[in-house]
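Listed here are the chains, written in short residue letters.
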Amino acid sequence: MPRLSEVIAALDALWPPASAEDWDAVGTVCGDPDQEVSRVLFAVDPVQEIVDEAVKLDADLLVTHHPLYLRGTTTVAASNFKGRVVHTLIKNDIALHVAHTNADRADPGVSDALAGALDLRVVRPLVPDPTDADGRRGLGRVCELDHPLTVREFAARAAERLPATAQGIRVAGDPGALVRTVAVSGGSGDSLFAEVRAAGVDAFLTADLRHHPASEARAHSPLALLDAAHWATEWPWCELAAAQLDEISDRHGWDLRVHVSKTVTDPWNSHSPSPGAPN
């Protein structure tokens, strides 16, 4: 079995920590570099429910997309929920490793996994990484559909292909307009409207769209907006990442058992539609 340090080195090669945003907190949160790793669990959120799942699975390593301590801390006391997460991990000899914006920028990365879940062909990054001479890394992806769909049909595809959440898919735009090209960005994407407009796509699928940026984007152009749950747009990356680690394990003869959590950790758990609201 490999040591944790060997597995982390392989993960860092997939998602180099140096490529993360300056404000981000990626890398190993806890874990003994010399401990052996035989079972790995991938998930979006490092919350207690996921950590408890890792304990039941007898995992040695939990890899999440979201950081546990994005803004730092002065305590890991078990009297608060993040401290309880750390205590549970350490008591059960489970390491925690985070790949966040470094996984967003990777090739393949979070938005590639999102495009794959929607059966889209990736053309290029939406915001190319200037350090990548091959032009493959960066934030978001510009994609093409295999055949045109209406906005309504494309939204239905997204609702069917992405994990089910209380939110589903919110849509802004003409439901009958044709979609041939799409920009996608896993996670919060309303900071990318300028790049989306510059890409000249017919639709933009992302998460966490706020009222004013969405309203202004619609005023600029007939761009259709599809707003999915944040967790749902990033969960496909877990399957991609697990497959990548599986391939590395086979190549090195590690015989790792790699799992993907299917636990829904989206914070919204129910939805009550307004009477008479458009469907």
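Quick note: structure is the one above.
Since the model is a prediction, treat every value here as computed from it, not as a measurement. (Residues numbered from 1 in each chain as written. Predicted model: local features only at pLDDT ≥ 70, side-chain atom pairs only at ≥ 80, totals over all residues. Heavy atoms only, no water.)

Participant: Please set out the overall build of the chain residue by residue, giving values where relevant.
Facilitator: Check the secondary structure of the chain and you find nine helices and eleven strands. Taking 19 Å as the expected radius of gyration for a compact globule of 279 residues, we find that the chain reaches 19 Å, a close match to that expectation. By its C-alpha atoms, the chain is 55 × 45 × 30 Å across when sized along the principal axes. Within the chain, contacts between residues separated by at least 24 positions form 65% of all contacts whose residues are at least 6 apart in sequence. Summed over all atoms, the accessible surface of the chain reaches about 13600 Å², with 50% contributed by carbon and sulfur. (Helix = DSSP H or I, 4+ residues; strand = E, 2+ residues; numbered from the N terminus. Rg over C-alpha atoms; globule rule 2.2 N^0.38 Å. Contact = heavy atoms within 4.5 Å. Areas by Shrake-Rupley, 256 points an atom, 1.4 Å probe, with all protein chains shown as cover.)

Participant: So what's going on with the nonpolar core? Which residues, and what values?
Facilitator: The biggest cluster of nonpolar side chains holds 52 residues, and the ones touching the most others in it are Phe 42, Leu 61 and Trp 237. Looking at which element gives the most residues to this core, the answer is helix H9 (residues 230–252), with nine residues. Among residues more than four places away in sequence, those in contact with Phe 42 are Trp 15, Val 63, Cys 238, Ala 241, Ala 242, Leu 245, Val 258, His 259, Val 260 and Ser 261. Ala 43, Ala 59, Leu 89 and Leu 96 belong to the second largest nonpolar core, which has 15 residues in total. (Core = buried A, V, L, I, M, F, W, Y, C linked by side-chain atoms within 4.5 Å. Buried < 20%, exposed > 50% of the residue type's maximum accessible area, 1.4 Å probe, protein only.)

Participant: Go over the sheet that holds strand S1 (residues 27–30), please, and point to the residues and values.
Facilitator: The strand order S1-S4-S3-S2-S11 describes an open sheet built from five strands, whose pairing is mixed. The open sheet is flanked by S1 and strand S11 (257–260), the only strands paired with a single partner. In this sheet, neighbouring strand axes are inclined to one another by 25° on average, regardless of whether the strands run parallel or antiparallel. Packing against the sheet, helix H1 (residues 4–14) makes contact with S1, strand S3 (61–64) and strand S4 (95–98), and its axis sits at approximately 20° to S3. Sheet strands in contact with helix H2 (residues 48–57) are strand S2 (39–43), S3 and S11, and its direction is about 160° off that of S2. (Pairing = 2+ DSSP bridges. Axes fitted to C-alpha atoms, helices over the stretch in contact; angles between N-to-C directions.)

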